[in-house]
Amino acid sequence: MTYIFLQHYWWFVVSLLGAILVFLMFVQGANSQLSIGATEMERRMIVNSSGRKWEFTFTTLVTFGGAFFASFPLFYSTSFGGAYWLWMAILFTFVLQAVSYEFQNKIGNVFGPRAYQWFLIINGVFAPLLLGAAVATFFTGSNFIVEKNNIISEMQPVISRWANASHGLDAFCNPWNIVFGIAVLFLSRVLGNLYIINNIANENIRSVASVRLVGNFLVFLLTFLAFLVYVLVKDGYAVDAQSGEIVIEPYKYLHNLLDMWYVALAVLAGVVAVLYGVGKTIFSKTYIRGIWPAGIGVVVVVTGLLLCAGWNGTAFYPSTADLQSSLTIANSCSSEFTLRTMAVVSILVPFVLAYIFYAWRKIDSKEITAEEILNDESY
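Quick summary incoming for the structure in this document. Note that the structure is a prediction, hence the values are computed from the model and not measured.

A few points about the packing of helix α4 (residues 54-71) against helix α6 (residues 84-103)
Phase 1 of the analysis: Their axes nearest at 11 Å, the elements α4 and α6 cross at an angle of 150°. One way to sum up the angle between α4 and α6 is to call them roughly antiparallel. Viewed along their axes, α4 and α6 form a crossing whose handedness is left-handed. Between α4, through Trp54, Thr57, Phe58 and Leu61, and α6, the contact on the second element is made entirely by Leu91, Phe94, Gln97, Ala98 and Tyr101.
Phase 2 of the analysis: A breakdown of the residues in the contact of α4 with α6 according to their chemical character gives seven nonpolar, two polar and no charged.

See below:
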């Protein structure tokens, strides 16, 4: 395993974790649509359906951040340390989620269950919207400056800083970041609809979720395709193989897909899987397992897009303030020893995924019904 191979390997691992996180945002998608339930009991059924999976989403978010910290620490310090208002807003919405699940039906709740359900809706809308805007900056760029020579300064040994006082909120000044944020929001709602249909044994809920699936999917399709076309035709940020200098290259991301044909084929297969899962759910009244082909397709597509952002000599975190400050997998990664050691540890990842699969199956051993909500302890 060469140093270059390890850099590419860990970008793949980080991309895969990010893609799994996007899939698990179906929890937020379900939370944003509690109005699917016409009665308080139906809303509790939806809350309990998503509430049994929210730990997977939050744990994956933490793991995603931890993997970035260990493998690409300069990105972690630049983005998480510089754009902290954006990331703090994302984390705050997840805090609202955790508090809401824990306390909405506790004795002594002075706010009432409805107030905490509104907190879940806030989490369901803003968490994917903000996260999508943050990920979009991998393609559109962020306003930061990296000065590695500062590491030897006794007065200010800080090598990266945000170039303005917004500290990440300037991401919303670029309309394309907002477009992608909306795409991720409605993707989470699509996955939330599919999950509700699969997990809750209530014909009224399934009927309303099926109707909303159509509208959510159309909005997602329009915004995602608009962002994808924009990325494929825009100038990209390439790394000169000889000097390591960052240069502007027209159609860089389109060239990445053409050069990495295997990634392009995987993305195409993922798109087909998403269309199959959504389409069959819409046109078949008896099909309720659309979450699985669509979810697998989402993981494949998002992984492929993130690989295009970092592989094939591409700056995965471009700087709009100073082009040469842009981060690549080569200039922002950990030492070879660290990457090699973590590569050995990553062998355990399949076992962790197997445990998650086992726990998921046990939790979903039976569909959620009104009788279960009444007889068992629930959210």
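On we go.
Looking at the nonpolar core
As a rule of thumb, nonpolar side chains are buried together in soluble globular proteins.
Phase 1 of the analysis: Counting 105 residues, the largest nonpolar core has Trp11, Phe68, Phe72, Phe138 and Leu191 as the members making the most contacts within it.
Phase 2 of the analysis: Beyond its immediate chain neighbours, meaning those up to four positions away, phenylalanine 72 contacts Gln7, Trp10, Trp11, Val14, Ala67, Ile329, Ser332, Cys333 and Ser334.

Some words on the side chain of asparagine 256
Phase 1 of the analysis: Among the secondary structure elements, asparagine 256 is positioned in helix α10 (residues 252-259).
Phase 2 of the analysis: Classification of asparagine 256 by relative accessible area gives buried; the value is 0%.
Phase 3 of the analysis: Leaving out residues up to four positions away in the same chain, asparagine 256 has contacts with Cys308, Trp311, Asn312 and Thr314.

Examining helix α9 (residues 203-233)
An α-helix turns once every 3.6 residues. As a result, residues three or four positions apart point the same way.
Phase 1 of the analysis: An ideal rise of 1.5 Å per residue puts 45 Å on 31 residues; α9 measures up with 45 Å between its terminal C-alpha atoms.
Phase 2 of the analysis: If you check the start of α9, you find a side-chain oxygen 3.0 Å away from the backbone N of asparagine 204, and it comes from asparagine 202.

Focus on the packing of aromatic side chains
Phase 1 of the analysis: Throughout the structure, instances matching the rule amount to 39 aromatic pairs.
Phase 2 of the analysis: Considering the side-chain rings of phenylalanine 68 and phenylalanine 75, the 4.2 Å spacing of their centres and the 35° angle between planes classify their relative orientation as tilted. Phenylalanine 75 matches phenylalanine 68 in its accessibility class, with the two residues each being buried.
Phase 3 of the analysis: Judged by centre distance (4.9 Å) and plane angle (70°), the rings of phenylalanine 69 and tyrosine 76 are edge-to-face.

Quick look at the environment of isoleucine 46
Phase 1 of the analysis: By the secondary structure assignment, isoleucine 46 is in helix α3 (residues 40-51).
Phase 2 of the analysis: For isoleucine 46, a relative accessible area of 0% gives the class buried.
Phase 3 of the analysis: Separated by 20 residues in the primary sequence, isoleucine 46 and phenylalanine 26 place their C-alpha atoms 12 Å from one another.
Phase 4 of the analysis: Beyond its immediate sequence surroundings of up to four residues, isoleucine 46 is in contact with Ala30, Gln33, Leu34, Ile36, Gly37, Ile196, Ile200 and Ile205.

Considering the pattern of salt bridges
Phase 1 of the analysis: In the structure shown here, the tally under the stated rule is three salt bridges.
Phase 2 of the analysis: Measuring nitrogen to oxygen at the nearest pair gives 3.1 Å for the salt bridge that ties glutamate 40 to arginine 43. Here the residue glutamate 40 and the residue arginine 43 both occupy positions in helix α3, the gap between them amounting to three residues, near one helical turn.
Phase 3 of the analysis: Residue class for arginine 43 comes out buried when judged on its relative accessible area of 15%.
Phase 4 of the analysis: The partner of arginine 206 in a salt bridge is glutamate 203, with the nearest N and O atoms 3.9 Å apart.

How each quantity is defined
Residues numbered from 1 in each chain as written. Predicted model: local features only at pLDDT ≥ 70, side-chain atom pairs only at ≥ 80, totals over all residues. Heavy atoms only, no water. Axes fitted to C-alpha atoms, helices over the stretch in contact; angles between N-to-C directions. Helix = DSSP H or I, 4+ residues; strand = E, 2+ residues; numbered from the N terminus. Parallel < 35°, antiparallel > 145°, perpendicular 65-115°, else oblique. Left-handed = near helix turned anticlockwise from the far one by under 90°. Contact = heavy atoms within 4.5 Å. Nonpolar A, V, L, I, M, F, W, Y, C, P; charged D, E, K, R; others polar. Core = buried A, V, L, I, M, F, W, Y, C linked by side-chain atoms within 4.5 Å. Buried < 20%, exposed > 50% of the residue type's maximum accessible area, 1.4 Å probe, protein only. Expected span 1.5 Å × (residues − 1). Polar contact = N/O pair within 3.5 Å; in protein donor to acceptor, adjacent residues only side chain to side chain. Phe/Tyr/Trp six-rings, centres within 6.5 Å; stacked < 30°, edge-to-face > 60°. Salt bridge = Lys/Arg side-chain N within 4 Å of Asp/Glu carboxyl O.

Bear in mind that shape data such as this cannot, by itself, settle questions of function.
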